[in-house]
Structures are given as C-alpha cells and as structure tokens.
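Structural characterization, general
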Amino acid sequence: MRLLASAKRTSSTHPTLHIGQPTLESFTWNNILRSHAQADGSSSHPPISIYLRMRSHGVRPDFHTFPFLLKSFNSPSHLQSGKQIHVQALLFGLLHDSFVQTSLINMYSSCGNLAFARQVFDEIVQPDLPSWNSIVHASVKAGLIDIALKLFGEMPERNVISWSCMINGCVRCGKYKEALNLFREMQTLEAKYVRPNEFTMCSVLSACGRLGALEHGKWAHAYLDKYEIKIDVILGTSLIDMYAKCGSIERARMVFENLGPDKDVMTWTAMVSGLAMHGYGEEALQLFSEMTNHGLTPNAVTLLGVLCACVHGGLVNEGKEYFMRMNDDFGITPSIQHYGCMVDLYARVGLIKEAWDVVKSMPMEPDVLIWGALLSGSRIHGDIETCEIALQKLIDLEPTNSSAYVLLSNVHAKMGKWDEVRHVRYLMESKGINKVPGCSLIDMEGVFHEFFVGDDSHPDSQEIYLMLDEIMKRLKAEGYVGNTREVLFDLDDEGKELVLTHHSEKLAVAFCLLKTSPGTPIHVVKNLRICNDCHVTMKMISRVFNREIVIRDCKRFHHFRGGLCSCKDYW
C-alpha cells in the first residue's frame, strides 16, 4: 500500500516526460540500486529501501529501475514485495518494456510461483528471445521438463542460452538421453548459428557420466579439442567425473594430470571419488594425502569419497581414522551419508556389533541408506536377526519400497523357506508393489542398447541368445557351474540355471561379443548390484574370450581382466 500510494502521489511530477525515459536523477538512483542489488544480501540497505527513498525524492523510475529492483526478490518470502513492484511497473506504464517483462518472469520464478511467471509471459504480445529463455528456464526450475520442452519447441529462434538451459534442464530432471539427443540436434540443425559454450559442454559431460556413455563422452571431449574450447578447472573437473563414471579411470587420470597446478578442491574430489568407486582405495587415500599437502582444505564431499574408498577396499582402520579426523582436523560435521559409509564399512567385513554402535551413536534418525547398509552386511554374514530388524525398519520408512520386500524374500529364499517367499510376494502383489527389473545399458558407436532380464525385445534377440548359448557351453567346458542359490524362485535346477543365464548383463555382453571385433573392451552399466553368479561368469568370459569387461553396477565398478576382477571378489 505504501508503494502504491507513493506511485499515485508522484505520478504527475514530470507531466512532460515520456514514459520510461531516463533522467540524470533516475540514472544516479539506478546505479545505486544496481550496486545494492548486486551485493547479494551483504548490503545493509536492501534495494527495496533504496527504491522507497528514490520515490520519496520525487524521482520517477524508468525501464532500467525495475530490472535492478526485481533481481533482489529471489525467494518465496519475497513474493509479496515482488507483486507490489509489479504494480508499480504497471502504474508507470512500463509493463510493455522487454527488460521489465523478462525481469518479472525471472522474479516470479525465483519466488517459486510459475503460474504468475507464465501469466506475465502469456500477456506479452510478441515475446523476445530473452523472455522465451526466461519462461523455459522457469519451467525447468519448477521441474516441469515436459512443459519446458514444449515451449522450447515453439520458440521462433534459439541461442546458446536456450540450448544450454534445455540440455541442463534435461540432465537435472534425469532425462540424460534426451539431453544428448538435444545436443546432437543442436549440432545438426543450428551448427552454423549456435556453438556450445563451456556451460553447455559441462551439462553434456554430466549426461554422459550419468548414463555411463563412454563413446558419447569421448566424442564430447574431441569436440572441445576440435573447437579449441579451453579446458579450465571447471570443464576439466567435468571431464574427470565423466570418464570416471564411464569406466575409464585411465582417461580421468590423464585429464587430472594435464590440468597442472590450477586444480581446486572439486577437481581433487572428483579424482579421489573416481578412484574410490573403481576400487583403487589405497591410491585414493594417497591422492587425498597429496591434496592436503598442497594446502587444500577438503570439504564434506571429499571426505565422502575418502570413506567410500575405505568401504570398497575393506580398509576398516583407515576408515575409522578418517571419520574421527573429519571434525578434529577439517572442521566437518559428519552427515548421514558419512555415517552410512561407516555402517557399510563395518557391516561388509562382518563387524555387525560395531555397525550397530554407529547407528546408535548417530545424532539423526537412520534413513533407508543406513538400514540398507546394515541389511546388506548382515545378509552376507548370516545375521538373520539383524536382517529382520533392518528389513522391518526399511518397510516402516518406505512401505512401497520394492527393494525391502525383495531383500526379505531373498533372505527367506536362501534359507529354503519358500512358503515365506510366496507370502512376501503375495504382499507385494496385494499392495501393487513391483520389483525393479534388472537392466543393462551399453553405448556402442554412439547408439544405446538396453537389455532386461529375459529380454527378447532387441532386434537381434535371436542372434544374442544363440551367442549366449555358445558362451555358456564354452564356460561349462572350462568348469563353470551355475550358482543356483542366486535364483530366488522355487524351480528345479534346470529352471534355475536358465534364469541365471538370462540376466541382463549376460545378454549385454553376448551382444558385444557378437557385434565388436576381438579384443575390444566391453562397457556395461547395470541398475542393480551384480550377483555372484554373473560376477563369476564375467571373470571367466574375460579369460576365455580374452576381453576386458567393465561393469558399473549400483554400488561400484568391476574391471574383469584375464579371469580376475578389480574388486578382488569384495563388493
């Protein structure tokens, strides 16, 4: 009301002035507004108070004033003030100015009200490119990726900001394939007019890493070299993260070394975490030591990578030491993720009591990751009582979590309690809970191929299953015996062997052996943890067929070479 009254009181101060025309006085006040708006809250005078003083001096705002002012409203608590400034822009006849329109869209988006942002956009007769970019970004920010894609498709023109926003939005919403498809479209349709920048390429590399799409990632790296885009510390960190997640830790190391002395804490963290998930625990700890020797202070993410290195390497003493040093040496308060690592570390090696001690000592309530880690270790080491407690806690926290029910079914199945298995599966069916199917993804020559357990949807399914039969025959001749304890159905031995043979990663590897030349490394990304039988099978295939096989499951990487695995059968 105060702002509205001020606007009415001074609306005729300059009757001969054209609407929105800057004056010397407004120029001075706008500069003051801009400096306070750019202070990001560190100024003792918020921009709104500067605006009120400007009005009290009888200075009329112009089309520069409101963009500076609206930028300062960037949280839901600012929505009401933002709406009042919207009224002010209306009273001074500035709503048709493109800078003001775009600023209003951005303001409402930052304040968490997409409906108002969309209303402003829809009232623009001929939106310019910045307005289109702003409403697309607002939709992405709200998580409405399908609406953002629709708007993006309707844009009369696009620039690098448009493409980068949409690609990054797809990555943020988990649509990694769509992000890469957009990048390819950007190259083919508008290569003459729009060239990706560093921000675009960071988003593309992130999509490659999430998918484990090594071929796409290598192509993106080659693109950077071709167009001489400088690989600074930000792009370099993205490359390290991408290569590590795509299974090529050697390339990640190479990028890390080539960055020279300018590496920041995020770069070191990416490399430490990459080594950890590949099972190079001792090397990860050595690199962490080098990092601290260089005078860099680790953050919470760095220590999470360090603890993960200890988990995957079974380095109990080292894990205890680094966990204790977190607060004492680095001033980092452990989060639930750090506690989860400690529970996992103890449980995996069979120290169930110590794992329980960590759970009881936590200053926060255990979540599904904590109980899942405790369950995993207790299952491996046959602690049925802990299994049942952890499972019940999981189900209490997430009643529709299929993993909890499947794990409970697995415990009963391994003990041969088939009546209990059937009861658990009946509960899942009655509650409409479906088991997440095993899925394996490969990136072959830039084309994605997905395989599900028992899958016959692939165009080459007939050839794949023939190849798989040939593989299993050769492995059996080498002494392979299927681990039917991994089959959690009440079937005869022949039926259990058939189920084992058709696991998704075996189908993926059979396809690669069928379609690639001898000696070509095979990279597979799997959504679930690799089972014992598939682990044995992959070791034998790597030796019998002389292939390096890299599998990324939901826990870590497995590098199979010459009949051995990098995890040393500990995962």
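Up top you'll find the structure we're talking about.
For the structure given in this document, a descriptive report is provided here. Quick caveat, the model's predicted, so the values are computed rather than measured.

This part covers the overall build of the chain. Broken down by element type, the chain carries 29 helices and six strands. Seen through its C-alpha atoms, the chain measures out along the principal axes to roughly 95 × 55 × 55 Å. Classification of the 571 residues of the chain by burial places 50% in the buried group. As displayed, the chain has an accessible area near 27,600 Å², and 53% of this comes from carbon and sulfur atoms. One way to put it: in the chain the 57 positive side-chain charges average out to a point 4 Å from where the 64 negative ones average out.

Glancing now at the sheet that holds strand 4 (residues 549-552). Within the open sheet, the six strands sit side by side as 2-1-3-4-5-6. Their pairing is mixed. Each of the sheet's edge strands pairs with one partner strand only, and the pair in question is strand 2 (447-452) and strand 6 (564-565). Where strand 4 lies against strand 5 (residues 557-561), four bridges are found, and the strand directions are antiparallel. The partner of Ile-551 across the bridge, within strand 5, is His-558. Contacts from helix 28 (residues 504-515) reach strand 1 (439-444), strand 2, strand 3 (522-526) and strand 4 within the one sheet, and its direction differs from that of strand 1 by about 20°.

Grouped together as the largest cluster of nonpolar side chains are 132 residues, with contacts concentrated most on Phe-66, Met-166, Met-201, Ile-240, Met-271, Phe-288 and Val-343. Per element, the largest residue contribution to this core is eight residues, and it comes from helix 20 (residues 336-348). When neighbours within four sequence positions are excluded, Phe-66 is seen to be in contact with Tyr-51, Pro-61, Ile-85, Gln-88, Ala-89, Phe-92, Leu-94 and Val-100. In terms of nonpolar packing, the next biggest core, distinct from the first, is built from 34 residues, Phe-511, Leu-513, Ile-530 and Met-540 among them.

Okay, the side chain of Ser-238 next. Relative to the assigned elements, Ser-238 resides in helix 14 (residues 233-245). Since its relative accessible area comes to 17%, Ser-238 is described here as buried. Setting aside residues up to four positions removed in sequence, Ser-238 forms contacts with Cys-202 and Leu-205.

The next point concerns empty space enclosed by the protein. Enumeration over the complete set of coordinates arrives at two cavities of 30 Å³ or more. By volume, the largest cavity amounts to about 40 Å³. Lining the largest cavity are Arg-348, Ser-376, Ile-380, Arg-529, Lys-555 and Trp-571. Looking at the lining of the largest cavity residue by residue, the classes come out as two nonpolar, one polar and three charged. Each pocket or cavity is described by its volume, and for the second largest cavity that value is around 40 Å³. Along its surface, the second largest cavity is lined by Gly-212, Lys-245, Cys-246, His-523, Val-524, Val-525, Val-550, Arg-552 and Phe-557. Residue assignment for the lining of the second largest cavity shows that the elements contributing at least two residues are strand 3 and strand 4. Here the residues of the lining of the second largest cavity sort into five nonpolar, two polar and two charged.

Another point: the layout of surface pockets. Put simply, the second largest pocket is a space of about 440 Å³. Residue assignment for the lining of the second largest pocket shows that the elements contributing at least two residues are helix 13 (214-226), helix 15 (249-258), strand 1, helix 28 and strand 3. When the residues that make up the lining of the second largest pocket are grouped by side-chain class, the tally is eleven nonpolar, six polar and eight charged.

This paragraph deals with the pattern of salt bridges. Under the defined criterion, the tally for this structure stands at 18 salt bridges. Where Glu-505 meets Lys-526, a salt bridge forms, and the shortest distance between an N and an O atom there is 3.1 Å. On the criterion of sequence distance, the pair formed by Glu-505 in helix 28 and Lys-526 in strand 3 is long-range, its members being 21 residues apart. The pair formed by Glu-505 and Lys-526 is uniform in burial state, with each residue classed as buried.

Let's shift gears to the packing of aromatic side chains. Tallied over the entire structure, the rule returns 14 aromatic pairs. Judged by centre distance (4.5 Å) and plane angle (45°), the rings of Tyr-223 and Tyr-227 are tilted. Classification of Tyr-223 by relative accessible area gives buried; the value is 6%. Look at Tyr-227 and you get partly exposed, because its relative accessible area is 30%. On the basis of an interplanar angle of 50° and a centroid distance of 5.5 Å, the ring pair of Phe-451 and Phe-511 is categorised as tilted. Remark: Phe-511 occurs in helix 28 and Phe-451 occurs in strand 2; sequence separation between them is 60 residues. This pair shows no difference in class: Phe-451 is buried, exactly as Phe-511 is. These aromatic residues form a ring-pair network of at least three members: Phe-183, Trp-219, Tyr-223 and Tyr-227. The lysine or arginine in question, Arg-253, covers the ring of Tyr-280, its NZ or CZ lying 5.3 Å from the ring centre. Directly above the aromatic system of Phe-545 lies the positively charged group of Arg-474, at a separation of 4.3 Å from the ring centroid.

Looking now at the pairing of strand 3. Burial of strand 3 is extensive: four of the five residues sit out of reach of the surface. Looking at chain direction, strand 1 and strand 3 are connected through two bridges and run antiparallel. Residue pairing across strands places Ser-440 opposite Lys-526, the latter belonging to strand 3. As defined by bridge partners, strand 3 adjoins strand 4 across four bridges and the pair is classed as parallel. The residue bridging Ile-522 from the neighbouring strand is Ile-549, located in strand 4. Considered for its hand, the β-α-β crossover made up of strand 3, helix 29 (residues 532-544) and strand 4 is right-handed.

Enumeration over the complete set of coordinates arrives at zero disulfides. Cysteine Cys-170 is unpaired, with the sulfur of Cys-173 as its nearest cysteine sulfur at 7.3 Å. For Cys-170, a relative accessible area of 0% puts it in the buried group. Cysteine Cys-531 remains unbridged, with the sulfur of Cys-534 as its closest cysteine sulfur at 3.6 Å.

Another point: the side chain of His-278. Tracing the backbone shows His-278 in the loop between helix 16 (265-277) and helix 17 (281-293). According to the relative accessible area criterion, His-278 is buried, its value standing at 0%. Within the structure, His-278 has its side chain in polar contact with the side chain of His-559 (distance 2.7 Å).

Phi at Asn-546 is positive, roughly 55°, even though this residue is not glycine. Note that Asn-546 resides in the loop between helix 29 and strand 4. The class for Asn-546 is exposed, based on a relative accessible area of 62%. The residue Lys-568 is not glycine, and still its phi comes out positive at about 55°. Looking at the secondary structure, you find Lys-568 in the segment after strand 6. In this structure Lys-568 comes out as exposed when scored by relative accessible area, which is 73%.

Thresholds, definitions, all that
- Throughout, residues of each chain are indexed from 1 in the direction in which the sequence is written.
- Only residues with pLDDT of 70 or above have their local features reported here, since the model is predicted, and side-chain atom pairs are shown and tallied only from 80 upward, although totals for entire chains, interfaces and linings are computed over all residues.
- The basis for every side-chain value is the complete set of heavy atoms in the structure, and neither hydrogens nor water enter the calculation.
- By the criteria applied, helices consist of DSSP H or I runs no shorter than four residues and strands consist of E runs no shorter than two, each listed in order from the N terminus.
- Burial classes: relative accessible area under 20% of the type maximum marks a residue as buried, over 50% as exposed, and values in between as partly exposed (1.4 Å probe, protein chains only).
- Only the protein chains shown count as cover for residues, and the accessible areas themselves come from Shrake-Rupley with a 1.4 Å probe.
- Positive residues here are Lys and Arg, negative ones are Asp and Glu, while His and the chain termini are left out of the count.
- Charged side chains are reduced to one point each, which is NZ for Lys, CZ for Arg, CG for Asp and CD for Glu.
- For two strands to pair, DSSP has to find at least two bridges joining them.
- Contacts are assigned to residue pairs that have any heavy atoms within 4.5 Å of one another.
- Only the stretch in contact is used when a helix axis is fitted, and all axes are lines through C-alpha atoms; the angle between N-to-C directions ranges over 0 to 180 degrees.
- Only buried Ala, Val, Leu, Ile, Met, Phe, Trp, Tyr and Cys residues count toward a nonpolar core, and they belong to the same one when joined by side-chain atoms within 4.5 Å.
- Lining residues are those with an atom within 4 Å of a point, where the points come from a 1 Å grid over the protein atoms alone and group into cavities, where a 1.4 Å probe fits but cannot get out, or pockets, open sets with protein on both sides within 12 Å along at least five of seven lines.
- Grid points are joined across faces, edges and corners, and a volume is the space filled by probe spheres set on the points.
- The classification used treats Ala, Val, Leu, Ile, Met, Phe, Trp, Tyr, Cys and Pro as nonpolar, Asp, Glu, Lys and Arg as charged, and all other residues, Gly among them, as polar.
- When a carboxyl oxygen of Asp or Glu lies within 4 Å of a side-chain nitrogen of Lys or Arg, that pair is called a salt bridge.
- To pair, rings of Phe, Tyr and Trp, with the six-membered ring standing in for Trp, must have centres within 6.5 Å; the planes then decide the type, stacked if under 30 degrees apart, edge-to-face if over 60, and tilted in the middle.
- Any Lys NZ or Arg CZ that is within 6 Å of a ring centre and within 35 degrees of that ring's normal is treated as a charge sitting over the ring.
- Here is how to tell: hold the view so the strands point away, follow the path from the first strand over the helix to the second, and if it runs clockwise the crossover is right-handed.
- Here, the term disulfide refers to a pair of cysteine sulfur atoms separated by no more than 2.5 Å.
- For this analysis, a polar contact is any N or O atom pair within 3.5 Å, provided that within protein one partner can donate a hydrogen and the other can accept it, and provided that sequence-adjacent residues contribute only side-chain to side-chain pairs.

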